[in-house]
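Here's the letter readout for the chains.
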Amino acid sequence: MFAYKPKSLFPSLPKHISNSLLSHSSSSSSSLVSALPPRPSLRQTKQAHAHIIVSGHAAYSPLLSHLLCLLSLSPTTPFHYSLSLYHSIKYPSVFATNNMIRCFAKSDSPLLSLLLFSSSILRSCVKPNNHTFTFLLQACSRAMALTEGAQVHAVVVKLGFGGYVFVSNALIHLYCSCSRIECSKRVFEENVSSRDVVTWNSMLTAFVRDEQIGVAEKLFEEMPARDVISWSTMISGYVQNGRLEQGLACFKRMREEGIRMNEATLVSVLSASAQLGLLEHGRLVHSLAESLNFPLTACLGTALIDMYAKCGCIEQSKLLFKNMTQRDIWTWNVMICGLASHGLGKEALALFDRFVDEGFRPANVTFIGVLGACSRAGLVTEGRHHFKLMTEKYGILPEMEHYGCMVDILGRAGFVDEAVELIEKMTVSPDPVLWATLLGACKIHGSIELGEKIGNKLLELDPTHDGHYVQLANIYAKARKWEDVVRVRRLMAEQNTNKAAGWSLIEAQGKVHKFVAGDREHERSLEIHKMLETIGTRIAEAGYSPNVTSVLHDIGEEEKENVIKEHSERLAMAFGLLVTEAGECIRIMKNLRVCEDCHEVSKIISKVFEREIIVRDGSRFHHFKDGKCSCLDYW
DNA sequence: CTAGGGTTAG
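Residues numbered from 1 in each chain as written. Chains lettered and ligands numbered in written order. Predicted model: local features only at pLDDT ≥ 70, side-chain atom pairs only at ≥ 80, totals over all residues. Heavy atoms only, no water.

- Per an unreviewed UniProt entry, chain A is named DYW domain-containing protein, and its organism is Malus baccata.
- Recorded in UniProt for chain A, the comment headed Sequence similarities (unreviewed entry) runs: "Belongs to the PPR family. PCMP-H subfamily." (UniProt positions renumbered as here; feature names shortened; annotations may be inferred.)

Dropping the structure here:
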């Protein structure tokens, strides 16, 4: 269920991004945020408890039961306190017991509620009611305890509580939490007559979690009524399943239908904007949140930080982080990963230290950020140190991604043997991506023999991945073994590999423009190609000569130059220069990594056109400014 | 006298 899937830093973009995504009808501010019901704090409840004791009412159980009810509302209440209160009730009613069960259900040990149920209700004359089962099933869901949950289900049926809509909804939710979608569906179908919007939403969630988006869509359309949670579920369902533009389209439709959004909606939409790199869209959602007076919670703030970081505005992320009043572990992790993706290694490490100083315990994701920061900034000593810290001090078992970072850190810095050693010590079998990383290092450092070995191994493991062939051929080219270069190329041609199509994307004038290499489809294609000519002339004047080693085709040198001249990011850059004001920053998102030549050209363009150019490629950000790149050519 | 469903990071 939790199989490792190699994941690039940024997901691939769906084929067709609707250009209408960015156009939004401005809604009136009448759809305000729904206010949360006031809830007493633990401190206030304790004060009330003290009053009850002091005023001599401590033996009056209804009062204590109500107090317990208040405690059960807050998920942060330690259950020891609630339990002592519960024990002070001489003859607990089902009401009191239900509330104690709920306290357990919300605690870190939800299954204790089952113990209470069997010891207190089953063994006494107190009869359970529908509330009892709702809380018990909630506890089983939270614990993902299928066996226990099924047993409770049996009791529900036996005692005839299956017809209560709260109970059957809890059952649907339970089976969904335990990944038994078929069981959820069965309960759903058995309760045709007693369904409410929660029933439908729970079923919707089940399909979404099971990645049955088509079925979820159908259910969503069939629902007799949809509330904000139905919409949020659908939107987050799209986003979690990588259907980002559909998620945004659904959000748009939701707004058109006048449904008032809530924080969960915004967070999912921000995630989609972030993954797509749609800064303007993200900004729009941000201003929407502000105009609707959403409080800047840790969750919303984190989503915003992530959006700005992934859209290239790391300064904006830092500012938000600084100004936030509530931060949780997600906030820190997102900020650390954001700094890492921008190559700000030292800052990421400093933030990590602050994070630890403030008493947080780093999680494995934290270390992916930290090690990623080291790898992108070439911090070898720090990388080794933090890897050790992670495993030895925090006892975190390294995942494939951690190894990936380490192999990259060591390999690129020339410690190829140490990287091999690390791989050999791994407890899980290394992923092809890991070998590919090492292969890259071999190419840089001219380790021909090892590279040859790894390359051939990779061709076996992953014969349809064209990148491996390219890398191996590059290694042979570096060793001037031309026959081998030809052989590998021929092999690649025979294997019918999946060549990942490169694309670049730029947002301009309220639209998303996507380019592929050699693109002539754009409505302003003529002007763009004219601009490419201008760029060519001006960078040549600045002393540029093309580097075509990264082009692997059997074509002549002159043709190669033409190919790289029309790499998708060049087209996007030309278009950007065409449509933006002088001095304005140009932001480009692309799926693959930048080639060396395009990287060089971007640097020169930034200088001769006096533009800051920010490129997000498959693994990191490049900030080109005044002839230099923030990656310091280490990428 | 009590209740349920949706949210973010690699």
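There's plenty left to go through after this.
## Section: the packing of helix α16 (residues 298–310) against helix α17 (residues 314–323)
Logical step 1: Packing of α16 against α17 brings their axes to within 7 Å, and their N-to-C directions diverge by 160°. Relative to α17, the element α16 is oriented roughly antiparallel. As α16 packs across α17, the resulting crossing turns out to be left-handed. Counting all contacts with α16, which are made through Leu-304, Ile-305, Tyr-308 and Ala-309, the residues of α17 involved are Ile-314, Gln-316, Ser-317, Leu-320 and Phe-321.
Logical step 2: Class assignment for the residues of the contact of α16 with α17 results in seven nonpolar, two polar and no charged. (Axes fitted to C-alpha atoms, helices over the stretch in contact; angles between N-to-C directions. Helix = DSSP H or I, 4+ residues; strand = E, 2+ residues; numbered from the N terminus. Parallel < 35°, antiparallel > 145°, perpendicular 65-115°, else oblique. Left-handed = near helix turned anticlockwise from the far one by under 90°. Contact = heavy atoms within 4.5 Å. Nonpolar A, V, L, I, M, F, W, Y, C, P; charged D, E, K, R; others polar.)

## Considerations on the domain arrangement of chain A
Logical step 1: Once the domains are mapped, chain A shows domain 1 (226–327) and domain 2 (506–629).
Logical step 2: Taking only C-alpha atoms into account, the centre of domain 1 sits 30 Å from that of domain 2.
Logical step 3: Residue-level contacts link 13 residues of domain 1 with eight residues of domain 2.
Logical step 4: Summed over both partners, the interface of domain 1 with domain 2 comes to about 740 Å²; 51% of that surface belongs to carbon and sulfur atoms.
Logical step 5: The largest per-residue losses of area from domain 1 upon contact with domain 2 belong to Leu-278, Lys-310 and Gly-312, which jointly make up 43% of the total buried on that side.
Logical step 6: At the surface where domain 1 touches domain 2, the tally comes to zero salt bridges.
Logical step 7: At the junction of domain 1 with domain 2, the criterion picks out six residue pairs in polar contact (both at pLDDT 80 or more).
Logical step 8: Secondary structure elements with two or more residues in the side of domain 1 that touches domain 2: α14 (263–276), α15 (279–291) and α16.
Logical step 9: Tallied by class, the residues present in the side of domain 1 that touches domain 2 amount to seven nonpolar, four polar and two charged. (Domains from an automatic or database assignment. Buried area = accessible area lost by both parts, 1.4 Å probe. Salt bridge = Lys/Arg side-chain N within 4 Å of Asp/Glu carboxyl O. Polar contact = N/O pair within 3.5 Å; in protein donor to acceptor, adjacent residues only side chain to side chain.)

## Quick notes on the packing of helix α6 (residues 130–143) against helix α8 (residues 165–177)
Logical step 1: Running from N to C, α6 and α8 point in directions that differ by 10°, and their axes come no closer than 9 Å. Taken together, the axis directions place α6 and α8 in an arrangement best described as roughly parallel. Facing α6, whose interface residues are Asn-130, Phe-133, Thr-134, Leu-137, Cys-140 and Ser-141, α8 presents Phe-166, Val-167, Ala-170, Leu-171, His-173, Leu-174 and Ser-177.
Logical step 2: Classifying every residue of the contact of α6 with α8 by side-chain character gives eight nonpolar, five polar and no charged.

## Observations concerning the protein's contact with DNA strand B
Logical step 1: Of all residues adjacent to DNA strand B, which total 46 residues, the nearest are Phe-95, Asn-169, Asn-201, Asn-262 and Glu-399.
Logical step 2: For DNA strand B, the backbone portion of the atoms within 4 Å of the protein, that is sugar and phosphate, comes to 39%.
Logical step 3: Between Asn-98 and DNA strand B, the recorded distance is 3.2 Å, taken from a side-chain N or O atom to a base nitrogen.
Logical step 4: At 3.2 Å from a base nitrogen of DNA strand B is found a side-chain nitrogen or oxygen belonging to Asn-333.
Logical step 5: Per-class residue counts for the surface near DNA strand B are 15 nonpolar, 22 polar and nine charged. (Near = heavy atom within 4 Å.)

## Concerning the environment of Lys-511
Logical step 1: On the secondary structure map, Lys-511 appears in strand β2 (residues 511–516).
Logical step 2: Distance in space between the C-alpha atoms of Lys-511 and Trp-330 is 31 Å, their sequence separation being 181 residues.

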